[in-house]
Amino acid sequence: DIATAVCALRHVLHGTDETLKEARQLMPVPTYDHARTYLTVGERDLATAEQERIAMAQDIYNRRAFDALFHAARQASMAFLNTDNTRWGEVRRSLPSPFDARFKRLIDTLHVQYAYDGRYPADRVEEEFRTWRSEVEQFIADLETASAPATPAAPAGVPPPSAP
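What counts, and at which threshold
- Residues numbered from 1 in each chain as written.
- Predicted model: local features only at pLDDT ≥ 70, side-chain atom pairs only at ≥ 80, totals over all residues.
- Heavy atoms only, no water.
- Bend = angle between axes of the 7 residues up to and from the residue.
- Helix = DSSP H or I, 4+ residues; strand = E, 2+ residues; numbered from the N terminus.
- Buried < 20%, exposed > 50% of the residue type's maximum accessible area, 1.4 Å probe, protein only.
- Contact = heavy atoms within 4.5 Å.
- pLDDT = per-residue confidence, 0-100.
- Phe/Tyr/Trp six-rings, centres within 6.5 Å; stacked < 30°, edge-to-face > 60°.
- Patch = residues over 30% accessible without salt bridge, like charges linked within 9 Å, V, L, I, M, F, W, Y side chains within 5 Å.
- Areas by Shrake-Rupley, 256 points an atom, 1.4 Å probe, with all protein chains shown as cover.
- Salt bridge = Lys/Arg side-chain N within 4 Å of Asp/Glu carboxyl O.
- Core = buried A, V, L, I, M, F, W, Y, C linked by side-chain atoms within 4.5 Å.
- Polar contact = N/O pair within 3.5 Å; in protein donor to acceptor, adjacent residues only side chain to side chain.
- Axes fitted to C-alpha atoms, helices over the stretch in contact; angles between N-to-C directions.
- Parallel < 35°, antiparallel > 145°, perpendicular 65-115°, else oblique.
- Nonpolar A, V, L, I, M, F, W, Y, C, P; charged D, E, K, R; others polar.

1. Section: helix α6 (residues 99–116)
Bending of α6 peaks at approximately 25° at the position of I107. For α6, the complete set of buried residues consists of F99, F103, L106, I107, T109, L110, H111, Y114 and A115. Each element contacted by the buried residues of α6 is listed here: α4 (55–81), α5 (88–94) and α7 (125–147). A positive phi of about 75° marks G118, the residue just after α6.

2. With respect to the confidence of the model for the chain
Here the chain averages 86 in pLDDT, and 75% of its residues register 70 or above. Across residues 1–6, where pLDDT falls below 50, the model places twelve contacts with residues more than four positions away in sequence or in other chains.

3. A closer look at the packing of aromatic side chains
Summed over all chains, the structure comprises nine aromatic pairs. Ring centres of F80 and F99 lie 5.5 Å apart, and the angle between their planes is 55°; on these two criteria the pair is classed as tilted. Here F99 lies in helix α6 and F80 lies in helix α4, a separation of 19 residues in the sequence. Relative accessible area serves as the criterion here: at 6%, F80 is assigned to the buried category. Of the aromatic side chains, those joined through ring pairs into one cluster are F70, F80, W88, F99, F103 and F139.

4. Notes on a nonpolar patch on the surface
Nonpolar side chains collect at one region of the surface, where I54, M56 and I60 lie side by side and expose about 330 Å² of accessible area between them. Judged by relative accessible area, which is 54%, I54 ranks as exposed.

5. Here's the deal with the nonpolar core
Core analysis: the biggest nonpolar cluster contains 30 residues, and L110 and V136 have the highest contact counts within it. Of all the elements, α4 adds the most residues to this core, at ten residues. Discounting residues that sit within four places of it in the chain, L110 has contacts with F66, D67, L69, F70, A115, W132 and V136.

6. A short note on the environment of R119
Looking at the element boundaries, R119 is found in the loop between α6 and α7. C-alpha of R119 to C-alpha of T109: the two residues are ten residues apart in sequence and 9.1 Å apart in space. When neighbours within four sequence positions are excluded, R119 is seen to be in contact with Q113 and Y114. Separated by 3.3 Å, the side chains of R119 and D117 make a polar contact.

7. Concerning unusual backbone geometry
With an omega dihedral of 5°, the bond running from S97 to P98 counts as a cis peptide bond. Mapping P98 onto the fold places it in the loop between α5 and α6. A positive phi angle, near 60°, is found at N82, a position not held by glycine. With respect to the secondary-structure elements, N82 resides in the loop between α4 and α5.

8. Overview of the packing of α4 against α7
Packed helix pairs are specified by the crossing angle of their axes together with the interaxial distance, meaning the distance between the axes. For the pair α4 and α7, interaxial distance at closest approach is 9 Å and the crossing angle is 5°. By the criterion of interaxial angle, the relationship of α4 to α7 is roughly parallel. The segment α4 lies against α7, with N62, A65, F66, L69, A72, A73, A76, S77 and F80 engaging V125, E128, F129, W132, R133, V136, F139, I140, L143, A146 and S147. Tallied by class, residues from the contact of α4 with α7 come to 15 nonpolar, three polar and two charged.

9. Description of the pattern of salt bridges
Applying the stated criterion to the full structure yields 14 salt bridges. Here R87 and E90 are joined by a salt bridge, their closest N and O atoms 3.2 Å apart. Its relative accessible area of 55% is what places R87 among the exposed residues. Close ionic contact of E135 with R105 constitutes a salt bridge, the shortest N to O distance being 2.3 Å. Of this pair, E135 sits in helix α7 while R105 sits in helix α6, and the two are 30 residues apart along the sequence. What you see here is one network of salt bridges that share partners, running through E43, E126, R130, R133 and E137.

Written out as structure tokens, the structure reads:
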């Protein structure tokens, strides 16, 4: 895809800012805001689980809540890599250090152990969810900070612009 070749890690490789805007419209790459929406979905699933009277349904909602946190991290990783590849193993291997190790821990715990296997601490679900939500929120913020374009330095001998 030509659109993918236009930008990498939020830097224009070819073209203008208008080219970048057009590429973003054509590419189904998640954004950090999209990733944060999964945090809200997880909150809603957790709240629904707390209201649920059927144990099996409560378990399903708890698993979904933890899995939403995983998906938030996956979406943020995809935004960082500027990819529409949803395969989390490939996404993890594409992340630079230390993000790759952090994402692996989120995969192993939230997606595999808690959501898939159902081995989450049932006696303290809300506390565990809050701990992991904070960790995922920080992961998203760290990825976003790392992908922000650097402010270009002023050429030697040229003073920086003054504030208005």
